[in-house]
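Descriptive structure summary
The residues making up each chain are set out below.
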Amino acid sequence: MSANISEAIANAKQPFTKLEQRVATYLTSRPEAVALETSAEIASKLQVSPMTVSRFFKKLGFSDLNALRADVRSNLYGPTSARIGSRFKSFKQATQSRDEDRDRAIADAAIGTALDLRATEGWRQAVDHVAHSESVMMVGFQVMQYLANGFAMRLKYLRSNVVFLDGTDGVYAEVFGDEAKTKTLIIIDTFRYGNQGPILAKAARERGFKVILFCDEFCDWGSELSDVMLPYPNEGHFFLPFPTGIHFGLNLLYQDVVAALGDSARDKVERVAKSQDLFGNFIPE
């Protein structure tokens, strides 16, 4: 049934307001919320009025939310192996009525959020932790692993003691064996969140790590288990998206860490360049 919600959102004949679009994005990425949460809970989570949620459902053509919820539950608790297939079907249906202006607006919102977060005190703390902790580790869960690995590779050009946690062994031994006095762990994940994320965050903080969390707006555990939580807009109308906001946010963090390190970053890059020349890593100019 999750497909029914996505179909209804994609085929809505009346345009959504900005606040209603927030509800649409949430339910597209998390259709089970219709079965598990009340309208009041959805409104509270998204910081909109219950009336906004009510109007949203009416625009979808659902006059009876209880009947909709019964239909959701009858389909939701079937075989879970169909979930990705269902989401792909919903994605294909949504593309038939996709508006490029809407895609652009979502990208603009993601970039705008990244710039807004850059102006916060939490961001300043994140830059300081990444630049000046004795050791920095990072991990990405699910399809976000490539972002953590890419950030680690770039950060190694600027400073020492940078570790990418691939999580293959499932025990994250590097975290438990780090004896540095100051240490930072960057976690990157989006909905649906991996179950190891909050466990690792809690364990790391208990061992003296500062935890920085890059996530989307639906992370319900991050504020309690991280020192700096950086939430970006969910882009659930895309199929397994490359998150624009998190990409740009990581780029901004990297640039600000370069500035914070100053001459030491320049010296480290020069040493790396000499190693590259030694091994002939690039095509001669």
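In case you missed it, the structure is sitting above this.
Reference entry: report on the structure contained in this document. (Residues numbered from 1 in each chain as written. Predicted model: local features only at pLDDT ≥ 70, side-chain atom pairs only at ≥ 80, totals over all residues. Heavy atoms only, no water.)

Here the focus is the sheet that holds strand S1 (residues 135-140). The sheet built from five strands is open, its strands ordered S2-S1-S3-S4-S5 with parallel pairing. With one partner strand each, in any of the chains shown, strand S2 (162-164) and strand S5 (228-232) form the two edges of the open sheet. Shown here is a sheet whose adjacent strand axes are inclined to one another by a mean of 15 degrees, direction ignored. Docked against the sheet, helix H10 (residues 145-155) engages S1, S2 and strand S3 (183-188), running at close to 155 degrees with respect to S1. (Pairing = 2+ DSSP bridges. Helix = DSSP H or I, 4+ residues; strand = E, 2+ residues; numbered from the N terminus. Axes fitted to C-alpha atoms, helices over the stretch in contact; angles between N-to-C directions. Contact = heavy atoms within 4.5 Å.)

Here helix H8 (residues 100-118) is 19 residues long and its end C-alpha atoms lie 27 Å apart, about the 27 Å a rise of 1.5 Å per residue gives. Among all positions of H8, only Asp103, Ile106, Ala110, Ala114 and Leu117 are buried. Projected down its long axis, H8 carries its buried residues within an arc of 75 degrees, all on one side. Pointing more than 90 degrees away from the buried face of H8 are the exposed residues Glu100 and Asp116. (Expected span 1.5 Å × (residues − 1). Buried < 20%, exposed > 50% of the residue type's maximum accessible area, 1.4 Å probe, protein only. Arc of directions from axis to C-beta.)

Next up on the list: the environment of Leu117. When you line up the elements, Leu117 lands in helix H8. Of the residues examined, Leu117 reaches a relative accessible area of 13% and is grouped as buried. Taking the C-alpha atoms as reference, Leu117 lies 8.5 Å from Pro231; in sequence the two are 114 residues apart. If sequence neighbours within four positions are ignored, Leu117 has contacts with Trp123, Leu230, Pro231 and Tyr232.

Most peptide bonds adopt trans geometry, and most residues besides glycine take a negative phi value. The phi angle at Gln47 is positive, at roughly 55 degrees, despite the residue not being glycine. Judged by relative accessible area, Gln47 falls into the exposed class, the value being 69%. At Tyr172, a position not held by glycine, the phi torsion is positive, near 50 degrees. Along the chain, Tyr172 falls in the loop between S2 and helix H11 (173-177).

This part takes up the pattern of salt bridges. Under the definition given, this model contains nine salt bridges. Ionic pairing is found between Glu20 and Lys59, a salt bridge with its closest N-O pair at 2.7 Å. With a gap of 39 residues between them, Glu20 in helix H2 (residues 18-29) and Lys59 in helix H5 (residues 50-59) connect regions that are remote in the sequence. The pair formed by Glu20 and Lys59 is uniform in burial state, with each residue classed as buried. Among the salt bridges present, the one from Glu206 reaches Arg207, with a minimum N-O distance of 3.8 Å. Through salt bridges with shared partners, a single ionic network connects Glu20, Arg55 and Lys59. (Salt bridge = Lys/Arg side-chain N within 4 Å of Asp/Glu carboxyl O.)

At their nearest, the axes of H8 and helix H14 (residues 244-261) sit 8 Å apart, and the two run at 30 degrees to each other. On the basis of the axis angle, H8 is roughly parallel to H14. In this structure, H8 meets H14 at a crossing whose hand is right-handed. Together, Ala107, Ala110, Ile111, Ala114, Leu115 and Arg118 of H8 and Thr244, Gly245, Phe248, Gly249, Leu252 and Asp256 of H14 make up the contact between the two elements. Its residues assigned to classes, the contact of H8 with H14 shows seven nonpolar, three polar and two charged. (Parallel < 35°, antiparallel > 145°, perpendicular 65-115°, else oblique. Left-handed = near helix turned anticlockwise from the far one by under 90°. Nonpolar A, V, L, I, M, F, W, Y, C, P; charged D, E, K, R; others polar.)

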